[in-house]
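# What the coordinates show
Chain by chain, the residues:
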Amino acid sequence: MDHFLWRILPLLALLSSFLYFYFQNSSKFSHSDCSLLPYNHYWITSKSIVTPRGVISGAVEVKEGNIVSIVKEEDWQGNSKRGHIIDYGEAVVMPGLIDVHAHLDDPGRAEWEGFPSGTKAAAAGGITMLIDMPLNNFPSTVSVETLRLKLEAAEKNIYVDVGFWGGLVPENAFNASSLEALLSAGVLGLKSFMCPSGINDFPMTNASHIKEGLSVLAKFRRPLLVHAEIQQDSENYLEDDANDPRHYSTYLKTRPPSWEEAAIRELLTLSKDTGIGGSAEGAHLHIVHLSDSGSSLQLLKQAKRSGDSVTVETCPHYLAFSAEEIEDGDTRFKCAPPIRNAANREALWKALLEGDIDMLSSDHSPTMPELKLLNEGNFLKAWGGISSLQFVLPVTWSYGQKYGVTLEQLALWWSERPAKLVGKDSKGAIEVGKHADIFVWEPNTDFDLNDDLPIYIKHPSISAYMGTKLSGKVLTTFVRGNLVYKEGKHASAACGSLILAK
Ligand SMILES: NC(=O)N[C@H]1NC(=O)NC1=O
Ligand SMILES: [Zn+2]
Ligand SMILES: [Zn+2]
């Protein structure tokens with residue numbers, strides 16, 4: 001017996017070391033699972049690379065996830081000694097998009113979207129980082145404990161980098177230590193609503209809650225994002241022919257621009273003195289999804305002119321669609337604030353081009369298709385929210401053609417300014433020292449949004465973009481040097497990072 005044991009001992013040792021290495025490696029992703037490219041040092045070359053110093057023809061050197069050099073074509077003698085080269089020819093190389101406003105609804109309502117599907121859609125759309133909103137998931141992200149649930153749901157399930165906004169709600173607004181703990185745990189800022197959010201555990205805040213929130217945020221130098229609509233007294237709409245809930249105009253009348261104007265007027269009294277040297281220096285106010293290009297926009301322009309620390313975003317759906325075009329019962333277009341008329345859309349474009357609107361975001365806010373009530377077509381009862389995450393780049397580009405939108409403007413609205421809002425200077429541009437968050441696309445390639453297209457958002461049927469034709473096809477997406485998406489294929493492992501504030 002002894003003899004036998006001695007004979008199999010080497011075999012047992014071999015077996016145990018094999019098992020040890022097997023479990024060690026299966027517990028974390030190997031580099032090759034994170035990337036469709038087997039290199040961590042390589043060059044991307046193209047005739048058109050969008051950098052903060054203009055569009056250049058040349059090469060970007062990527063090493064261990066960072067951009068380590070950028071070489072213009074005239075200084076580039078490409079040869080094999082440089083290592084692996086991926087040549088994209090005429091295709092455009094851009095900084096990855098940063099979507100500062102997405103609802104992935106995970107945990108708790110992952111059947112609405114979810115981290116895996118949402119971040120796969122992002123990667124396929126050229127988005128390399130998104131910031132997840134604190135509501136529509138359950139429970140809402142309003143405390144350290146609920147943030148922990150978010151982080152657990154996201155970890156190893158994200159194909160792009162994901163940061164998090166925390167919620168400012170009546171329950172935590174007067175509790176500075178709770179807000180400080182949430183901010184210390186890494187949320188990039190806070191978000192609140194000035195009207196009902198549609199989610200029971202995310203109640204609206206009033207001016208005094210917001211004032212408290214801003215004072216805590218000032219210490220951390222992080223922004224407050226606000227859904228700026230305050231319900232105004234409105235006439236009672238009779239359910240007569242003129243107010244058929246299947247007509248979009250009926251819904252539009254229920255949320256006039258005065259709701260946005262009232263909220264912004266109130267917010268600007270609170271964000272007064274946030275400028276350099278002001279008594280509230282350090283606080284920053286960011287208005288999400290502006291739809292009213294009238295008085296609301298004028299108020300914001302004035303506040304900026306007087307030096308207040310204020311920014312504003314709008315969304316592709318306000319730039320693409322107009323109220324006049326929305327057909328009876330087509331609740332895919334229902335969102336809040338609502339899509340307004342064509343003249344309003346025109347003025348939003350003008351404000352964006354002139355720099356009065358700072359950036360774009362998706363406000364991707366899906367739900368279960370049944371809650372869109374597409375059969376009934378009742379605009380007053382359907383879920384409000386647009387599904388767009390994968391398409392924001394081609395939408396901005398296609399509808400922006402009329403206005404002569406440039407590649408540099410896309411980078412400004414979708415990368416550079418969003419990176420600044422979230423306080424991540426390692427992101428947002430193709431520049432030496434930054435993360436290699438890059439995507440490559442063909443602006444002139446058209447495609448139809450139909451069932452033949454690989455679509456990763458969970459419920460394509462509720463997206464208002466389905467059935468349209470767009471220009472601008474994403475070929476590949478890199479996140480911190482990992483090739484996470486290439487023409488319909490994702491890396492096998494979800495290696496996006498959780499982006500926390502420090
Ligand atoms: N809860 C939620 O996502 N609401 C969003 N939907 C929308 O259309 N506007 C919003 O603020
Ligand atoms: Zn909102
Ligand atoms: Zn939203």
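How each quantity is defined
Residues numbered from 1 in each chain as written. Chains lettered and ligands numbered in written order. Predicted model: local features only at pLDDT ≥ 70, side-chain atom pairs only at ≥ 80, totals over all residues. Heavy atoms only, no water. Pairing = 2+ DSSP bridges. Helix = DSSP H or I, 4+ residues; strand = E, 2+ residues; numbered from the N terminus. Salt bridge = Lys/Arg side-chain N within 4 Å of Asp/Glu carboxyl O. Buried < 20%, exposed > 50% of the residue type's maximum accessible area, 1.4 Å probe, protein only. Donors = N, O, S within 2.8 Å, 3.2 Å for Na, K, Ca; no water. Disulfide = S-S within 2.5 Å. Axes fitted to C-alpha atoms, helices over the stretch in contact; angles between N-to-C directions. Parallel < 35°, antiparallel > 145°, perpendicular 65-115°, else oblique. Left-handed = near helix turned anticlockwise from the far one by under 90°. Contact = heavy atoms within 4.5 Å. Nonpolar A, V, L, I, M, F, W, Y, C, P; charged D, E, K, R; others polar.

Turning our eyes to something else, we now look at the pairing of strand β15 (residues 438-448). Across four bridges, strand β5 (residues 92-95) lies against β15 in antiparallel orientation. In the strand pairing of β15, P95 is matched with I438. Here eight bridges tie β15 to strand β16 (residues 469-479), and the two strands are oriented antiparallel to one another. By the bridge assignment, D446 is partnered in β16 with S471.

As enumerated under the stated definition, the model contains 19 salt bridges in all. Notably, a salt bridge pairs K219 with E180, separated by 2.8 Å at the nearest N-O pair. Of this pair, K219 sits in helix α7 (residues 207-220) while E180 sits in helix α6 (residues 176-184), and the two are 39 residues apart along the sequence. Judged by relative accessible area, K219 falls into the exposed class, the value being 59%. Residues K427 and D437 are paired through a salt bridge, measuring 2.6 Å at the closest nitrogen-oxygen approach. Pair noted here: K427 is in the loop between α14 (407-421) and β15 and D437 is in the loop between α14 and β15, with a separation of 10 residues, a long-range link. With relative accessibility at 5%, the residue D437 sits in the buried group. Via salt bridges that share partners, D161, K427, D437 and R480 belong to a single interconnected network.

Every protein donor of the zinc ion (ligand 3) is listed here as H101 (NE2), H103 (NE2) and D363 (OD), and their distances to the metal cover 2.0 to 2.2 Å. One chain supplies every donor to the zinc ion (ligand 3), and in sequence these donors are spaced H-x1-H-x259-D. Note on D363: relative accessible area 10%, which makes it buried.

Scanning the model with the defined rule gives one disulfide in all. Between the sulfur atoms of C34 and its disulfide mate C495 the distance is 2.1 Å. Disulfide C34-C495: the torsion about the S-S bond is -70°, which places it as left-handed. Taken as a pair, C34 in helix α2 (residues 31-34) and C495 in the loop between β18 (489-490) and β19 (498-499) lie far apart in primary sequence, 461 residues in all. Assessed through its relative accessible area of 9%, C34 is described here as buried.

Position of P95 among the secondary structure elements: in strand β5. The exposure class of P95 is buried, given its relative accessible area of 3%. Put simply, P95 and E261 are 166 residues apart on the chain and 34 Å apart in space, counted from C-alpha to C-alpha.

This brings us to the sheet that holds strand β14 (residues 359-360). Spatially, β9-β10-β11-β12-β13-β14 is the arrangement adopted by the six strands of the open sheet, whose pairing is parallel. Either end of the sheet is taken by a strand with one partner, and the two such strands are β9 (166-167) and β14. Both strand β13 (residues 310-314) and β14 contribute to a ladder of two bridges, which runs parallel. Across the sheet, residue T314 finds its bridge partner in β14, namely L360.

Once that is clear, we can look at the packing of helix α13 (residues 392-400) against α14. Helices that pack against each other are described as a pair by the angle of their axes relative to one another and the distance between those axes. Between α13 and α14, whose axes approach to 11 Å, the crossing angle comes to 135°. When the interaxial angle is binned, α13 and α14 end up oblique. For the crossing formed where α13 meets α14, the hand is right-handed. For the pair α13 and α14, the contacting residues are V392, L393, T396 and W397 in the first and L407, L410, W413 and W414 in the second. In the contact of α13 with α14, the residues fall into seven nonpolar, one polar and no charged.

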